[in-house]
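# Commentary on secondary and tertiary structure
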Amino acid sequence: HFSSPDLFLQDSHLLSKAKIFKYDADADTVSAVLTGKTTAFIYDKPYVMFAQMKYKGKLYVVPKGFNGDEFGVAFQKQD
């Protein structure tokens, strides 16, 4: 089972040098960024915005989304 972000990352040349990790649980994507296991996560924009609100001040969300789709990207704020 592939999500839309999975399919985008498979076909994208924008992140061809990135190491891609896949997690079973949505919350694990956020946790991986907050604990420094990964640099960023890409997910559906509403989920990314929810994570930013839940972890206020800890995540930076790319303001215009990602690639014109309804994906969002978040990084640790210090990154």
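Averaged over every residue, the pLDDT of the protein chain is 80; residues scoring 70 or more account for 77%. Put simply, strand E3 (residues 71-76) is where the protein chain has its lowest mean pLDDT, 68, and helix H2 (residues 26-34) is where it has its highest, 92.

Okay, helix H3 (residues 45-54) next. All buried positions along H3 are accounted for by Tyr47, Val48 and Ala51. The arc enclosing the buried residues of H3, seen along the axis, measures out at 100°, which places them on a common side. Summarising the geometry of H3, the exposed residues directed more than 90 degrees from the buried face are Pro46 and Met53.

On to the side chain of Thr38. Along the chain, the position of Thr38 falls in the loop between H2 and strand E1 (40-44). Within the structure, Thr38 has its side chain in polar contact with the backbone nitrogen of Val33 (distance 3.5 Å). Those residues in contact with Thr38, other than ones at most four positions away along the chain, are Phe21, Tyr23, Ala32 and Val33.

For the rest of this paragraph, the subject is the packing of aromatic side chains. Using the criterion set out here, one finds two aromatic pairs in the structure. Relative to Tyr47, the ring of Tyr43 lies with its centre 4.9 Å away and its plane at 50°, an arrangement referred to as tilted. Look at Tyr47 and Phe50: their rings are 6.3 Å apart centre to centre, the planes differ by 40°, and that puts the pair in the tilted class. One end of the pair is Tyr47 and the other is Phe50, both in helix H3 and three residues apart, which spans about a single turn. Overall, Phe50 belongs to the partly exposed group, its relative accessible area being 46%. Through a chain of ring-to-ring contacts, the aromatic side chains of Tyr43, Tyr47 and Phe50 assemble into a single cluster.

Definitions and limits used
Residues numbered from 1 in each chain as written. Predicted model: local features only at pLDDT ≥ 70, side-chain atom pairs only at ≥ 80, totals over all residues. Heavy atoms only, no water. pLDDT = per-residue confidence, 0-100. Helix = DSSP H or I, 4+ residues; strand = E, 2+ residues; numbered from the N terminus. Buried < 20%, exposed > 50% of the residue type's maximum accessible area, 1.4 Å probe, protein only. Arc of directions from axis to C-beta. Polar contact = N/O pair within 3.5 Å; in protein donor to acceptor, adjacent residues only side chain to side chain. Contact = heavy atoms within 4.5 Å. Phe/Tyr/Trp six-rings, centres within 6.5 Å; stacked < 30°, edge-to-face > 60°.

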